[in-house]
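Fold and geometry: a report
Now for the letters of each chain:
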Amino acid sequence: HTPPLRGSLPPEVALALRRGMATRICSPYAVTMPPMNDLAGKHIVLGLTGGIACYKAAELCRALIKAGATVQVVMTQAAEQFITPVTMQALSNRTVYGSQWDAREPNNMPHINLSREADAIVIAPCSADFMVKLVHGGADDLLSLMCLARPIDKVPLLLAPAMNREMWAHPATQRNMAQLSADGATILGVGSGFQACGETGDGRMLEPQELLEDIVAFFSPKLLAGQHVLVTAGPTFEAIDPIRGITNHSSGKMGFAITRAAREAGAQVTLVAGPVSLPTPRGVQRVNVKSAREMLAASVDAAQTATVFVATAAVADWRPATQANHKIKKDGSGQAPLLQFTENPDILHTIAQGERARSGQLFCVGFAAESQDLVNNAQAKRARKGIPLLVGNIGPLTFGQDDNEMLLVDAAGVQPLPRAPKLVLARKLIAEIARRMRAAA
Ligand code: CTP
């Protein structure tokens, strides 16, 4: 079975697919869309209300199931104008509920039975009109009745609004949202861009993968609540002239995974990213930089308020001593230009020697990309950088991959983290950081 393909593929991948060969494609989305059981054991009631974004709810249903959840779909009559219960039944593998008078339930109380089973009710899309109902405790259809009847302390309500930008910006909608938030609902926010009505602005429903990321984060233990985590990620690029430069093979995947895991753990996160094309994890402030000196400036700035600094970036150790203003041309002599190099600032060392780190207000974690003798090199590097925790890995075996194996090195010794997807390792590292910070407090 050849999957439908859009856009052009690298020739070797296209050839492999034509031949039916299994091919490992390293996707930049692999870190943000891992094929992992992040929602295993969770039962989600997915409520659909009337809006064109119902077409995205089908994809969300699939994504939740792929992440290991079971999904019970409940639709309003308005939602059935946009997508059929047949589609949602086929995707969720369960009968869809639409009426509070549904006689299939022995006690004829679907609003009680369905809400008692749920680990969360997710309304996606949530229309402006349905918000009004929730605000006022309306209960004249199954979905609103179920939201009202849910045990409010045990079954969280997550809302993914979707509407035209004027409807979204209207004071009435904003007022209703604030009220729903005050009543304990979690508003997952909206996307921005081209809308089905032809207008452009805020109010689109978030994409299914964004919603999935938010729902996974919602269920994650808040190990770093109240903390501000600064992460550097990716390579740096040191220009030779306006056309060329030197860089390295770092893909940024590990740093982006740590960023996501820190946000899941409830931290405020600043990501200082070198030139990579990975999508920004949800709920994170990203600062894009190119050179080591730009990365230093952005990191020192964020480190003024950060409480955790994780330096995953593969910072270029040297930069060309001078940068030509125009492209360096061949001069016809057959001789290559002679480049002089200057050492770049050490970002981790600079921040680890700063006042906040030395007074215990900023917990610093370094990474070591080695090519050999990992234990000795990593221990020596931890001492040299003056940091409490260093993560060692073999650079050439991890750059660009979706999984990795790592070694945690601290004053007590070394602890291996066996091979796993980078997001799994990132979550373990965040838990280790949180444990050490608690112990130090
Ligand atoms: N690092 C940094 N700034 C630099 C160089 C490294 O912040 N100019 C950080 C990296 O982000 C990583 C750690 O220091 O967390 C170790 O980086 P690595 O490249 O493994 O080591 P180096 O310090 O460059 O030492 P060497 O190249 O000699 O192994």
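In this text the structure is predicted, and so the values were computed from the model without any measurement. (Residues numbered from 1 in each chain as written. Predicted model: local features only at pLDDT ≥ 70, side-chain atom pairs only at ≥ 80, totals over all residues. Heavy atoms only, no water.)

As for the confidence of the model for the protein chain
- Predicted confidence across the protein chain gives a mean pLDDT of 91, with 92% of residues reaching 70 or more.
- The model gives residues 1-10 a pLDDT under 50, and that stretch makes 4 contacts with residues more than four places away or in other chains.
- Across residues 16-34, where pLDDT falls below 50, the model places 31 contacts with residues more than four positions away in sequence or in other chains. (pLDDT = per-residue confidence, 0-100. Contact = heavy atoms within 4.5 Å.)

A word on the packing of helix H2 (residues 54-66) against helix H9 (residues 208-219)
- In contact at an axis separation of 9 Å, H2 and H9 are set at 45° when each is read in the N-to-C sense. Taken together, the axes of H2 and H9 are oblique relative to one another. Note on packing geometry: the crossing formed by H2 with H9 is right-handed. Here Lys56, Glu59, Leu60, Ala63 and Leu64 of H2 lie close against H9, whose contacting residues are Pro208, Gln209, Leu211, Leu212 and Ile215.
- When grouped by side-chain class, the residues that make up the contact of H2 with H9 number 7 nonpolar, 1 polar and 2 charged. (Axes fitted to C-alpha atoms, helices over the stretch in contact; angles between N-to-C directions. Helix = DSSP H or I, 4+ residues; strand = E, 2+ residues; numbered from the N terminus. Parallel < 35°, antiparallel > 145°, perpendicular 65-115°, else oblique. Left-handed = near helix turned anticlockwise from the far one by under 90°. Nonpolar A, V, L, I, M, F, W, Y, C, P; charged D, E, K, R; others polar.)

Overview of the side chain of aspartate 102
- Looking at the secondary structure, you find aspartate 102 in the loop between helix H3 (85-92) and helix H4 (110-117).
- Aside from chain neighbours lying at most four places away, what touches aspartate 102 is Tyr97, Asn108 and Pro110.

Considerations on unusual backbone geometry
- A cis amide bond links alanine 124 to the next residue, proline 125, at an omega of 0°.
- Mapped onto the secondary structure, proline 125 falls in strand S3 (residues 120-126).
- You will see that asparagine 93, though not glycine, has its phi angle at about 65°, which is positive.
- With respect to the helices, strands and loops of the structure, asparagine 93 is situated in the loop between H3 and H4.

Comments concerning the sheet that holds S3
- With parallel pairing, 5 strands are arranged side by side in an open sheet as S2-S1-S3-S4-S5. Two strands close off the open sheet at either side, each with one partner strand: strand S2 (70-75) and strand S5 (186-187).
- When strand S4 (residues 157-161) meets S5, the two strands line up parallel, connected through 2 bridges. Within S5, the residue paired with leucine 158 across the bridge is threonine 186.
- In this fold helix H5 (residues 128-136) packs onto S3 and S4, with an angle of close to 140° to the strand it touches most, S3. (Pairing = 2+ DSSP bridges.)

Some words on the pattern of salt bridges
- Tallying each qualifying case throughout the model produces 21 salt bridges.
- Among the ionic pairs, lysine 56 bridges to glutamate 207, the shortest N-O distance being 3.0 Å. Here the residue lysine 56 occupies a position in helix H2, and glutamate 207 occupies one in the loop between strand S7 (200-204) and H9, the gap between them amounting to 151 residues.
- A relative accessible area of 6% places lysine 56 in the buried class.
- Residue aspartate 402 pairs with lysine 253 through a salt bridge whose shortest N-O separation is 2.7 Å. Taken together, the residues span a long stretch of sequence, with aspartate 402 in the loop between helix H15 (395-398) and strand S18 (403-410) and lysine 253 in helix H10 (residues 253-264) at a distance of 149 residues.
- Here lysine 253 falls in the buried class, since its relative accessible area comes to 5%.
- Taken together, the salt bridges that share partners define one network made up of Asp38, Arg260, Glu264 and Arg427. (Salt bridge = Lys/Arg side-chain N within 4 Å of Asp/Glu carboxyl O. Buried < 20%, exposed > 50% of the residue type's maximum accessible area, 1.4 Å probe, protein only.)

Some points on the environment of leucine 362
- Mapping leucine 362 onto the fold places it in the loop between helix H13 (355-358) and strand S16 (363-370).
- When the C-alpha atoms of leucine 362 and alanine 306 are compared, they prove to be 6.5 Å apart, with 56 residues separating the residues in sequence.
- Not counting chain neighbours up to four residues away, the residues in contact with leucine 362 comprise Ala303, Ala306, Thr307, Val308, Phe309, Ile351, Arg356 and Ala357.

Brief notes about the site of the ligand
- In the vicinity of the ligand there are 15 residues, among which Ala311, Ala313, Leu348, Lys381 and Lys385 approach most closely.
- The contact in question runs from an oxygen atom of the ligand to an N or O atom on the backbone of alanine 311, over 2.6 Å.
- Contact between the ligand and alanine 313: an oxygen atom at 2.7 Å from a main-chain N or O atom of the residue.
- Counting residues per element, the shell around the ligand draws most heavily on S16, which supplies 4 residues.
- Each residue belonging to the shell around the ligand can be placed in one class, and the counts come to 9 nonpolar, 1 polar and 5 charged. (Near = heavy atom within 4 Å. Polar contact = N/O pair within 3.5 Å; in protein donor to acceptor, adjacent residues only side chain to side chain.)

What to know about the side chain of aspartate 214
- With respect to the helices and strands, the residue aspartate 214 is situated in helix H9.
- Polar side-chain contacts of aspartate 214 include one of 3.1 Å to the side chain of arginine 263.
- For aspartate 214, the residues in contact, after removing those within four places along its chain, are Leu188, Leu206, Arg263 and Arg282.

Quick notes on the pairing of S4
- Burial analysis of S4 places 5 of its 5 residues in the buried class, which makes it a mostly covered element.
- Every second residue of S4 is oriented toward a common face, with Leu157, Leu159 and Pro161 on one face and Leu158 and Ala160 on the other, all of them buried.
- As paired strands, S3 and S4 are joined by 4 bridges and run parallel to one another. Bridge assignment links isoleucine 123 to a residue of S4, and that residue is leucine 159.

Points about the pairing of strand S13 (residues 308-311)
- Side chains Val308 and Val310 project from S13 onto one buried face, and the interleaved Phe309 and Ala311 project onto a second face that is buried too.
- The pairing of strand S8 (residues 228-233) with S13 spans 4 bridges and is parallel. Its bridge partner being in S13, threonine 232 is matched across the sheet by alanine 311.
- Direction of pairing for S13 relative to S16: parallel, over a ladder of 4 bridges. Within the sheet, the bridge partner assigned to valine 308 lies in S16 and is phenylalanine 363.

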